[in-house]
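So the chains spell out like this:
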Amino acid sequence: MEEDFYELILPYRLGNEQLTHWKKDLYQRFGSALDSLYQGDDPIAACDSMYKYVASAMNWTYCDKLNGPDMDADFLVKEQKGDCNAIAAFTAFVMRAVGIPVAVDSLIYSPE
């Protein structure tokens, strides 16, 4: 359990994004939503509830042209646009901010 905390919640960065003070802002923005959406102790169900809320609350614009260096959480919250990696990063930032342990992985499905 302690190893999960160090590996999946405590980390401040997902890649090489610019360092910003994102956790407090995202916690204030989404922490109360988690409390109202889920009251149990299953982290997978909590994550699912939170993901559905975040997906419906955000006005995300998919943009595959915006695929440069890792984007920081502040940029992703403000701009709400990016490719699949940006969407995954934003979701991971939100989950970590509210205390749900997550990591980002990828699945290559196309040679393009």
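Quick note: structure is the one above.
Within every chain, residues take consecutive numbers counted from 1 along the sequence as written. In view of the model being predicted, local features appear only for residues whose pLDDT reaches at least 70, and side-chain atom pairs are presented and counted only at 80 or more, with totals across whole chains, interfaces and linings using the full set of residues. Based on all heavy atoms of the structure, the side-chain values leave hydrogens and waters out of the count.

## Remarks on unusual backbone geometry
Rule in force here: Only DSSP runs of H or I reaching four residues or more are called helices, and only runs of E reaching two or more are called strands; each is numbered from the N terminus.
Of note in the backbone geometry, Gln80 takes a positive phi value of approximately 50° without being a glycine. Secondary-structure assignment places Gln80 in the loop between helix H4 (73-79) and strand S2 (81-82).

## A short note on helix H2 (residues 23-37)
Rules: Helix span is expected to be 1.5 Å times the residue number reduced by one. The angle separating two fitted axes, one through the seven residues that finish at a residue and one through the seven that start at it, defines the bend at that residue. For every residue, the accessible area obtained with a 1.4 Å probe (protein chains only) is divided by the maximum for its type, and the residue is called buried under 20%, exposed over 50%, and partly exposed between those limits. Whether two residues are in contact is decided by their heavy atoms, any of which lying within 4.5 Å being enough.
With 15 residues, H2 should cover 21 Å at 1.5 Å per step; its first-to-last C-alpha distance of 20 Å lies within 8% of that length. A bend of about 40° at Phe30 is the largest found in H2. Burial in H2 covers these residues: Leu26, Phe30, Gly31, Ala33 and Leu34. Considering only its buried residues, H2 is in contact with helix H3 (43-57), H4 and helix H5 (84-97).

## Some words on the side chain of Asp72
Rules: Think of a polar contact as two N or O atoms within 3.5 Å of one another; within protein, one of them needs to be a possible hydrogen donor and the other a possible acceptor, and neighboring residues in sequence only count if both atoms come from side chains.
In this structure, Asp72 sits in the loop between strand S1 (61-62) and H4. By relative accessible area, which is 11% here, Asp72 ends up buried. Within the structure, the side chain of Asp72 is placed 3.1 Å from the backbone nitrogen of Asp74, a separation counted as a polar contact. Among the polar contacts listed, one links the side chain of Asp72 to the backbone nitrogen of Phe75, at a separation of 2.8 Å. Apart from the residues within four sequence positions on either side, Asp72 is in contact with Glu17, Gln18, Thr20 and Phe93.

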